[in-house]
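Structural features, examined
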Amino acid sequence: YRPSFLFYLVCTPCTPMFSLVNVMSRELILKRYIESIKQHYDYILIDGMPSLGMLTINVLACADSVLIPVQAAYLPIKGLQQLMKTIAQVKRQLNPRLEIEGVLVTMFDRRTKNARDITELLEENYGAMLNVFANKIPISVRAAETTAKGVSIFQYDPNGSVGQAYKALTKEVLVDERGNSERD
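Residues numbered from 1 in each chain as written. Predicted model: local features only at pLDDT ≥ 70, side-chain atom pairs only at ≥ 80, totals over all residues. Heavy atoms only, no water.

1. Section: the overall build of the chain
Counting its secondary structure elements, the chain contains 7 helices and 4 strands. Counting from the amino terminus, the chain carries its helices and strands in the arrangement β-β-α-α-β-α-β-α-α-α-α. When contacts within the chain are restricted to residue pairs at least 6 apart in sequence, long-range pairs at least 24 apart make up 66% of them. By element, 57% of the accessible surface of the chain is carried by carbon and sulfur atoms, the whole surface being about 12,500 Å². (Helix = DSSP H or I, 4+ residues; strand = E, 2+ residues; numbered from the N terminus. Contact = heavy atoms within 4.5 Å. Areas by Shrake-Rupley, 256 points an atom, 1.4 Å probe, with all protein chains shown as cover.)

What follows is the structure, given as structure tokens:
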């Protein structure tokens, strides 16, 4: 793992370091690990891969909730349907406490009609059953550069539009969480 300079944030790579093919209860490996460390953290954020493979199943099996990033484009919106089915199946079979925190529109270019139309379509089709976050993450070359540099947007460009959007999203999620915990 690589310690971050951000408020005791620890970043661990999501790439599998071993084969899960012949492992018993392979869907629960990450869950067992997270259970062993969670008392040391207020929050554990797991950035899963954009696939529906075994690593994603492991992430969903151990999560309390899932925040679904969706690019402001047609094909990712179509892929959301399959992800919703996978989440429902994981909830039924592996993790009954799994909830969907909400859908986050990413790579949003407010200048294009297509991005606005896709976002509207997402809100029309899913807004009644899912929280579609008000904050949207804008498309940005600076954000793409962070991957090549191997650093977070908060280290690379904290005051840029993407860094500011993620800060606003964090506040939105925390307000939602506090509101929900007060109702529980």
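Moving on, there is more to tell.
2. Here's the deal with the pairing of strand 3 (residues 65-71)
In strand 3, alternate side chains face the same way, and those of Val66, Ile68 and Val70 are buried while those of Ser65, Leu67, Pro69 and Gln71 on the opposite face are not. Across 7 bridges, strand 3 lies against strand 4 (residues 99-106) in parallel orientation. Residue Pro69 lies in a different strand from strand 4, and its bridge partner there is Leu104. Regarding the hand of the β-α-β motif, the stretch spanning strand 3, helix 3 (residues 74-93) and strand 4 is right-handed. (Buried < 20%, exposed > 50% of the residue type's maximum accessible area, 1.4 Å probe, protein only. Pairing = 2+ DSSP bridges. Right-handed = clockwise from strand over helix to strand, strands pointing away.)

3. Describing the packing of helix 1 (residues 29-37) against helix 2 (residues 54-62)
For the pair helix 1 and helix 2, the least separation of the axes is 7 Å and the interaxial angle reads 40°. Comparing the axis directions of helix 1 and helix 2 gives the class oblique. Like other packed secondary-structure pairs, helix 1 and helix 2 cross with a definite hand, here right-handed. Of the residues in helix 2, those in contact with Ile29, Leu30, Lys31 and Ile34 of helix 1 are Asn58, Val59, Ala61 and Cys62. (Axes fitted to C-alpha atoms, helices over the stretch in contact; angles between N-to-C directions. Parallel < 35°, antiparallel > 145°, perpendicular 65-115°, else oblique. Left-handed = near helix turned anticlockwise from the far one by under 90°.)

4. Points about unusual backbone geometry
Even without being glycine, Met107 reaches a positive phi, approximately 50°. As for its position among the elements, Met107 is in the loop between strand 4 and helix 4 (113-126). Among the residues examined, Met107 registers a relative accessible area of 42% and is labelled partly exposed.

5. Comments concerning the nonpolar core
Within the largest apolar cluster, 23 residues are counted, with the highest numbers of intra-cluster contacts made by Ile68, Leu80, Ile87, Leu98 and Leu122. In terms of residues, this core owes the most to one element, helix 3, which gives 6 residues. Those residues in contact with Ile68 that lie beyond four places of it in its chain are Leu80, Leu83, Met84, Ile87, Ile100, Gly102, Val103 and Leu104. (Core = buried A, V, L, I, M, F, W, Y, C linked by side-chain atoms within 4.5 Å.)

6. Here's the deal with helix 4
Compared with the 20 Å implied by 1.5 Å per residue over 14 residues, the 20 Å span of helix 4 between its first and last C-alpha is a close match. Of the residues making up helix 4, those classed as buried are Ala115, Ile118, Thr119, Leu122 and Tyr126. All buried residues of helix 4 fall inside an arc of 100° around its axis, so they share one side. Of the exposed residues in helix 4, those oriented more than 90 degrees away from the buried face are Lys113 and Glu124. (Expected span 1.5 Å × (residues − 1). Arc of directions from axis to C-beta.)

7. Things to note about the environment of Ser161
Of note, Ser161 is situated in helix 7 (residues 161-183). Considered as a pair, Ser161 and Ser140 are 21 residues apart in the sequence and their alpha carbons are 7.9 Å apart.

8. Quick notes on the packing of helix 2 against helix 3
Packed helices, taken two at a time, are described by the angle their axes make and the gap between the axes. For the pair helix 2 and helix 3, the least separation of the axes is 10 Å and the interaxial angle reads 55°. In this view, helix 2 runs oblique relative to helix 3, as classed from their interaxial angle. The way helix 2 lies across helix 3 gives a crossing that is right-handed. On helix 3, the residues touching Ile57, Leu60 and Ala61 of helix 2 are Thr86, Ile87 and Val90. Residues that form the contact of helix 2 with helix 3 fall into these classes: 5 nonpolar, 1 polar and no charged. (Nonpolar A, V, L, I, M, F, W, Y, C, P; charged D, E, K, R; others polar.)

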